[in-house]
Amino acid sequence: MSEIIIDGRPLPFVEGQTVAAALVAAGRVAWRTTRIGHRPRGVFCGIGVCFDCLVTIDGAGNQRACMVPARPGMTVMTGEGDHE
């Protein structure tokens, strides 16, 4: 099984999973909060329409986790702690 790095920690994923799928499979259903109200957000639509699942991938911000296939060694920063 391959791994991506989420907020500095390794996270295993299965070939073909998106970043969002790997996060949900690991039990993380929310990985950022809204600017107003700080409500938790994660994958909602799963097809790249809603932008609730935004993360920073390999230094590129505002990437939709539900649309990006996980790749070994990929570095992902979630909105936890305002990394975006």
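Calculation rules
Residues numbered from 1 in each chain as written. Predicted model: local features only at pLDDT ≥ 70, side-chain atom pairs only at ≥ 80, totals over all residues. Heavy atoms only, no water. Pairing = 2+ DSSP bridges. Helix = DSSP H or I, 4+ residues; strand = E, 2+ residues; numbered from the N terminus. Axes fitted to C-alpha atoms, helices over the stretch in contact; angles between N-to-C directions. Buried < 20%, exposed > 50% of the residue type's maximum accessible area, 1.4 Å probe, protein only. Polar contact = N/O pair within 3.5 Å; in protein donor to acceptor, adjacent residues only side chain to side chain. Salt bridge = Lys/Arg side-chain N within 4 Å of Asp/Glu carboxyl O.

## Section: the sheet that holds strand E7 (residues 75–77)
Okay, step 1: The five strands lie next to each other as E2-E1-E7-E5-E6, forming an open sheet whose pairing is mixed. What marks the edges here is a single partner per strand, and that holds for strand E2 (9–13) and strand E6 (60–64). Neighbour-to-neighbour, the strand axes of the sheet open up by a mean angle of 40°, direction not taken into account.
Okay, step 2: As paired strands, strand E5 (residues 54–57) and E6 are joined by three bridges and run antiparallel to one another. Bridged to Leu54 within E6 is Arg64.

## Description of the side chain of Thr78
Okay, step 1: With respect to the helices, strands and loops of the structure, Thr78 is situated in the segment after E7.
Okay, step 2: Looking at Thr78, the relative accessible area reads 0%, which means it is buried.
Okay, step 3: Side chain to side chain, Thr78 and Asp7 meet in a polar contact 2.7 Å long.
Okay, step 4: At a separation of 3.5 Å, a polar atom in the side chain of Thr78 contacts the side chain of Arg28.

## As for the pattern of salt bridges
For side chains of opposite charge, pairing can occur when their charged atoms come near one another.
Okay, step 1: Inspection of the entire model under this criterion finds four salt bridges.
Okay, step 2: Note that Asp7 is salt-bridged to Arg28, the shortest N-O span being 3.5 Å. With Asp7 in the loop between strand E1 (2–6) and E2 and Arg28 in the loop between helix H1 (19–25) and strand E3 (32–33), this residue pair connects regions lying 21 residues apart in the sequence.
Okay, step 3: Asp7 sits in the partly exposed class, given a relative accessible area of 27%.
Okay, step 4: Asp52 is paired through a salt bridge with Arg32; the nearest N and O atoms lie 3.9 Å apart. Of this pair, Asp52 sits in the loop between strand E4 (40–41) and E5 while Arg32 sits in strand E3, placing them 20 residues apart in sequence.
Okay, step 5: For Asp52, a relative accessible area of 16% puts it in the buried group.
Okay, step 6: The structure contains a network of salt bridges with shared partners spanning Arg32, Arg41 and Asp52.

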